[in-house]
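Listed here are the chains, written in short residue letters.
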Amino acid sequence: MHERRTRLVCLDREDGSVRWDVPMGTWPRGLVVTEGRCLVLPQSPDQLFCLDLRTGAELWHVDLPRFSGHVVVAEGIVLVGGWRGYTPLTAFDLRDGRSLWQTAAPVRTGLPLTWGGGVLLGHGSDAWLMDPRDGGEMARWRLPEPLIGGELRPVFTPVSPDRCLARCGPRSLMALDLTSRAVDDLVGHDVDLVVEAAEFVGGVVWVRELRAGYSAWDPGAGSLLWRVDVGQPLMSGVVRADDGFLVAGEGALFRLGRDGQVIERARHGQRISALRDLGAGEAMVTTRGTLKALAPAPALDL
């Protein structure tokens, strides 16, 4: 996690104690953990750092053009760049930071996603799958509506090895099919949605409404399953909890049954900003300045 503007901290999964704490530039645009390594792309300096996840020791760093943004790893290759169209896409070897290739011109894309044997990128009404080994195009889709401007947040959501969802326009969710190269209009909502990717949790597609809660959709048929309205906006994050789900408002957690109905509510003393899945039946609540790990079964105990 990033804290205190210039520090990167690794916390123990079991008790939250600090394993290591290192200086790492200012407010990172990108943070990726993979294969025992942590890749950090700070706003300044204009460099990409690769740290040993166990110790926090620097393994390598590379210089980047100013305003580089986005970092993703696929097939042992680190792909950097494309944020707002400021910089080319550049590929580095994950092992040693060696430069592999670079696009001839700046590329504009939302946050790339590793999917379908490549890296999925997109901007405007186009989405395309890139081969991370050489930058070649593997597939392309033309969207009926432009992709959302997600800045540094995800715009794509994988739901299977050959199907990925793309958030488009103010109310839509498109499904990209890798086999047929088709684009299906999966969700056309009747209210505006938050400018963020959908979530795929428990076999259900979740989209967050702009001034309300979540709506849940069938990933195949695109039919509405239920809406979660607790009388207040819900924060980002849906977590599996036993046979149901867990969502968060600003000041409370809500347990949902398999049908999306609220079956338990627990107040939280601090304003919640997000809810994240920790795996193994546990969740993490983030507030301003705090993290809290909890096991929501059999009851919400805050």
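Bear in mind that the values here come from a model prediction, so they are computed numbers and not experimental data.

Colleague: Which parts of the structure should I look at to understand the overall build of the chain?
Modeller: Broken down by element type, the chain carries zero helices and 30 strands. Its C-alpha atoms give the chain a radius of gyration of 20 Å, within 12% of the compact-globule value 19 Å for 302 residues. Seen through its C-alpha atoms, the chain measures out along the principal axes to roughly 55 × 50 × 25 Å. Buried positions account for 50% of the 302 residues belonging to the chain.

Colleague: Any chance you could explain a nonpolar patch on the surface here in plain terms?
Modeller: Taken together, the side chains of Met-1, Leu-11, Val-18 and Leu-291 make up a nonpolar region of the molecular surface, amounting to roughly 310 Å² of accessible area. Here Leu-11 lies in strand E2 (residues 7-11).

Colleague: When you look at the sheet that holds strand E30 (residues 290-294) in this model, what are you seeing that I'm missing?
Modeller: Strands in a sheet are paired, the pairing made by backbone hydrogen bonds, and the direction either parallel or antiparallel. Strand order in the open sheet formed by three strands is E28-E29-E30, and the pairing between neighbours is antiparallel. The sheet terminates laterally at strand E28 (272-279) and E30, the two strands that pair on one side only. The sheet shows a mean angle of 20° between the axes of neighbouring strands, taken without regard to direction. Where E28 meets strand E29 (residues 282-287), six bridges bridge the pair, whose relative direction is antiparallel. Following the sheet pairing, Arg-276 is matched in E29 by Met-284.

Colleague: Sorry if this is basic, but what is going on with the pattern of salt bridges here?
Modeller: Pairs can form between side chains of opposite charge whenever their charged atoms are close. Counted under the stated rule, the structure contains 21 salt bridges. Residues Arg-4 and Glu-3 are paired through a salt bridge, measuring 2.8 Å at the closest nitrogen-oxygen approach. Overall, Glu-3 belongs to the partly exposed group, its relative accessible area being 25%. Through salt bridges with shared partners, a single network forms among Glu-3, Arg-4, Arg-7 and Asp-21.

Colleague: Got a minute to help me understand unusual backbone geometry in this structure?
Modeller: Glycine aside, residues mostly have negative phi angles, and peptide bonds mostly take the trans form. Here Ser-44 and Pro-45 are connected by a cis peptide whose omega angle stands at 0°. For Pro-45, the location among the structural elements is in the loop between strand E5 (37-44) and strand E6 (47-52). Despite not being glycine, Phe-67 has its phi angle at roughly 65°, a positive value. Positionally, Phe-67 belongs in the loop between strand E7 (58-63) and strand E8 (71-74).

Colleague: Help me understand the packing of aromatic side chains, please; the structure alone is not making it clear to me.
Modeller: Under the defined criterion, the tally for this structure stands at seven aromatic pairs. A centroid spacing of 4.9 Å and a plane angle of 65° characterise the contact between Trp-206 and Phe-245, whose relative ring orientation is edge-to-face. Placement of the pair is Trp-206 in strand E21 (residues 204-208) and Phe-245 in strand E25 (residues 244-248), with a sequence separation of 39 residues. With relative accessibility at 0%, the residue Trp-206 sits in the buried group. Phe-245 gets classed as buried once you look at its relative accessible area, which sits at 4%.

Colleague: Honestly, the sheet that holds strand E1 (residues 2-3) in this entry has me stumped. Any pointers?
Modeller: A sheet is described by the order of its strands in space; here three strands give the open sequence E1-E2-E3, paired in antiparallel fashion. A single partner strand is all that each edge strand has here, and the edge strands are E1 and strand E3 (18-23). Relative to E2, E1 runs antiparallel, the two being bridged by two bridges. Its bridge partner being in E2, Glu-3 is matched across the sheet by Arg-7.

Colleague: Just to check I follow, could you spell out the environment of Val-32 for this structure?
Modeller: By the secondary structure assignment, Val-32 is in strand E4 (residues 26-34). The sequence separation of Val-32 and Arg-13 amounts to 19 residues, and the corresponding C-alpha distance is 17 Å. Excluding anything up to four places from it in sequence, Val-32 contacts Arg-37, Cys-38, Leu-39, Val-71 and Val-73.

Colleague: Please explain the pairing of strand E27 (residues 262-267) as it appears in this structure.
Modeller: Side-chain positions along a regular strand alternate between the two faces of the sheet. Sheet analysis places strand E26 (residues 252-256) next to E27, joined by five bridges and oriented antiparallel. Bridge assignment links Leu-256 to a residue of E27, and that residue is Val-262. Where E26 folds back on E27, the antiparallel hairpin that results is connected by five residues, among which Gly-260 adopts a positive phi of roughly 85°.

Colleague: Even after reading the chapter, I still don't get the nonpolar core, so can you show me in this structure?
Modeller: In globular proteins that are soluble, nonpolar side chains generally tend to be buried together. Trp-115, Leu-120, Leu-129, Trp-141, Phe-156 and Leu-176 are the most contacted members of the largest nonpolar core, which totals 18 residues. Contributing elements (two or more residues each) for this core: strand E12 (113-115), strand E14 (126-130), strand E15 (137-142), strand E17 (163-168) and strand E18 (172-177). Per-element accounting of this core gives the leading share, three residues, to E17. Dropping the residues within four chain positions of it, Leu-129 is found in contact with Trp-115, Gly-116, Gly-118, Val-119, Leu-120, Gly-136, Glu-137, Met-138, Ala-139, Trp-141 and Leu-178.

The rules behind the values
- Residues numbered from 1 in each chain as written.
- Predicted model: local features only at pLDDT ≥ 70, side-chain atom pairs only at ≥ 80, totals over all residues.
- Heavy atoms only, no water.
- Helix = DSSP H or I, 4+ residues; strand = E, 2+ residues; numbered from the N terminus.
- Rg over C-alpha atoms; globule rule 2.2 N^0.38 Å.
- Buried < 20%, exposed > 50% of the residue type's maximum accessible area, 1.4 Å probe, protein only.
- Patch = residues over 30% accessible without salt bridge, like charges linked within 9 Å, V, L, I, M, F, W, Y side chains within 5 Å.
- Areas by Shrake-Rupley, 256 points an atom, 1.4 Å probe, with all protein chains shown as cover.
- Salt bridge = Lys/Arg side-chain N within 4 Å of Asp/Glu carboxyl O.
- Pairing = 2+ DSSP bridges.
- Axes fitted to C-alpha atoms, helices over the stretch in contact; angles between N-to-C directions.
- Phe/Tyr/Trp six-rings, centres within 6.5 Å; stacked < 30°, edge-to-face > 60°.
- Contact = heavy atoms within 4.5 Å.
- Core = buried A, V, L, I, M, F, W, Y, C linked by side-chain atoms within 4.5 Å.

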